[in-house]
Amino acid sequence: MASLTEIIFLLGAQDRIVAADITSNYPEEANSLPSIGYVRALSTEGILSLEPTLIIGEDDMGPPSVLEQLSRTGVEIKVIPEEHSSKGIVNKILCIAELLGETNSAKNILNNEITPKIYELEKISEDIKSKNINIMFILGMQSGSPLVAGRDTSADGFINMFGGVNSVNFEGWKPVGPEAIISADPDMIIITKRGLKGYGTRRELKNHPYLRLTKAAKTDNILTMDGMEMLGFSPRTLSAAVFVAKEMVK
């Protein structure tokens, strides 16, 4: 839901927000909004006490029982489709803009800010695709094992955006052991700031017994970035993808 809050601010319609979930911490002003708790553990009573006329969320909004109770009260609920791509970000902006009557603002933002960034990203990613660079995306460390993004995850979509190749073939998020990591042998490792903070320093990660034999660790090709920025699929995700792409072609 954080990406939706960010887009509403981008459209200049933040005065319409009566509350947001706890993941909505960008821009800084969003932190001062009343909270409805975690997006997957919403409360019917808590939301209704704020008297909203429209609830906007994504596929992970829930639980279903709360959404069902809310719909019975007559409050309009809109679930915004999530597609982990540049096109998905554009569609998300347009969808929210239409709901809020901000289509003109959205068109200006897309023409002046979003589309030029997509063109820039596509140009750089073509070069990266030709080099077949393998990327391992680590969300965090689970009992000492890296929690890695497989296919059909938001991180996999992020890797595709800048022309990288996901170094693993399984689906979903999974903790992986030494054999799987050695087999994947990524050229680059990307880990979220929160994931690294929960484990230790960048040097400690580089020397992790599972990771130290990879090409990424040997060449010190490890990037640490904000997880929501990369995985939220908001306009910031485009900027994050451009940043990674430029790092890869240095």
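For every chain, the first residue of the written sequence is number 1, and numbering continues from 1 along that sequence. Note on the predicted model: pLDDT of at least 70 is required for a residue's local features to be given, and 80 or more for side-chain atom pairs to be given and counted; whole-chain, interface and lining totals, by contrast, use all residues. No hydrogens and no water enter the side-chain calculation; it runs on all heavy atoms of the structure.

K.L.:
Residue-level account of the overall build of the chain, with values.
P.N.:
Per the secondary structure count, the chain includes 12 helices and eight strands. A radius of gyration in this sense is built from C-alpha atoms; the matching globule rule multiplies 2.2 Å by the number of residues raised to 0.38. Taken against the 2.2 N^0.38 rule, which gives 18 Å for 250 residues, the C-alpha radius of gyration of the chain at 19 Å falls within 12% of a compact globule. Along the longest, intermediate and shortest principal axes, the C-alpha atoms of the chain span 55 × 40 × 30 Å. When a residue's accessible area, from a 1.4 Å probe over protein chains only, is under 20% of the maximum for its type it is buried; when over 50% it is exposed; and in between it is partly exposed. A buried classification covers 48% of the 250 residues belonging to the chain. Numbering goes from the N terminus for both helices and strands, where a helix is a DSSP run of H or I of at least four residues and a strand is a run of E of at least two.

K.L.:
Lay out the environment of N104 with the relevant residues and their values.
P.N.:
With respect to the helices and strands, N104 occurs in helix α5 (residues 103–131). Separated by 93 residues in sequence, N104 and L11 place their C-alpha atoms 9.4 Å apart.

K.L.:
Let's hear about the layout of surface pockets: which residues, and what values?
P.N.:
It is the rolling of a water-molecule-sized probe over the atoms that shows where space remains empty. Of the voids in this model, the largest pocket is the one considered here, and its volume is about 1100 Å³. Here the term cavity refers to a set of points on a 1 Å grid, laid over the protein atoms alone, in which a 1.4 Å probe fits but cannot get out; the term pocket refers to an open set having protein on both sides within 12 Å along at least five of seven lines, with lining residues being those that place an atom within 4 Å of a point. Contributing to the lining of the largest pocket are 30 residues, with T23, Y38, G227, M228 and L231 lying nearest its centre. Contributions of two or more residues to the lining of the largest pocket are made by α1 (2–10), β3 (134–142), α8 (193–199) and α11 (227–231). Side-chain classes follow a simple rule in which Ala, Val, Leu, Ile, Met, Phe, Trp, Tyr, Cys and Pro form the nonpolar group, Asp, Glu, Lys and Arg form the charged group, and the remainder, Gly included, forms the polar group. Partitioned by chemical class, the residues of the lining of the largest pocket number 11 nonpolar, 10 polar and nine charged. Grid points are joined across faces, edges and corners, and a volume is the space filled by probe spheres set on the points. By volume, the second largest pocket amounts to about 470 Å³. If you list the elements that add at least two residues to the lining of the second largest pocket, you get α1 and β1 (54–57).

K.L.:
Which residues make up the side chain of T237, and what values go with them?
P.N.:
Inspection of the secondary structure puts T237 in helix α12 (residues 235–248). Classification of T237 as buried rests on a relative accessible area of 0%. Only 2.9 Å separates the side chain of T237 from the backbone oxygen of E229, close enough to count as a polar contact. Any two residues whose heavy atoms approach within 4.5 Å at even a single point are treated as in contact. Among residues more than four places away in sequence, those in contact with T237 are I89, F158, M161, E229, M230 and G232. Residues adjacent in sequence count toward polar contacts only when both atoms are side-chain atoms; beyond that, a polar contact is any pair of N or O atoms within 3.5 Å, and within protein one must be able to donate a hydrogen and the other to accept it.

K.L.:
Describe the nonpolar core, naming the residues involved and giving the relevant values.
P.N.:
Judged by nonpolar contacts, the single largest core of 61 residues is most densely connected at F137, F158, F162, I190 and V244. Per-element accounting of this core gives the leading share, eight residues, to α5. Think of a nonpolar core as a cluster: buried Ala, Val, Leu, Ile, Met, Phe, Trp, Tyr and Cys residues, connected wherever their side-chain atoms sit within 4.5 Å.

K.L.:
A description of the packing of aromatic side chains should follow, citing residues and the corresponding values.
P.N.:
When two rings of Phe, Tyr or Trp (its six-membered ring) have centres within 6.5 Å they constitute a pair, described as stacked for plane angles under 30 degrees, edge-to-face for angles over 60, and tilted for the intermediate range. Using the criterion set out here, one finds two aromatic pairs in the structure. A ring pair is formed by F137 and W173, whose centres lie 6.1 Å apart and whose planes are at 70°; its orientation type is edge-to-face. Placement of the pair is F137 in strand β3 and W173 in strand β6 (residues 173–175), with a sequence separation of 36 residues. Residue classification places F137 among the buried residues on the basis of a relative accessible area of 0%. Pairing F158 with F162 gives two aromatic rings, centres 5.3 Å apart and planes at 80°, and the pair type is edge-to-face.

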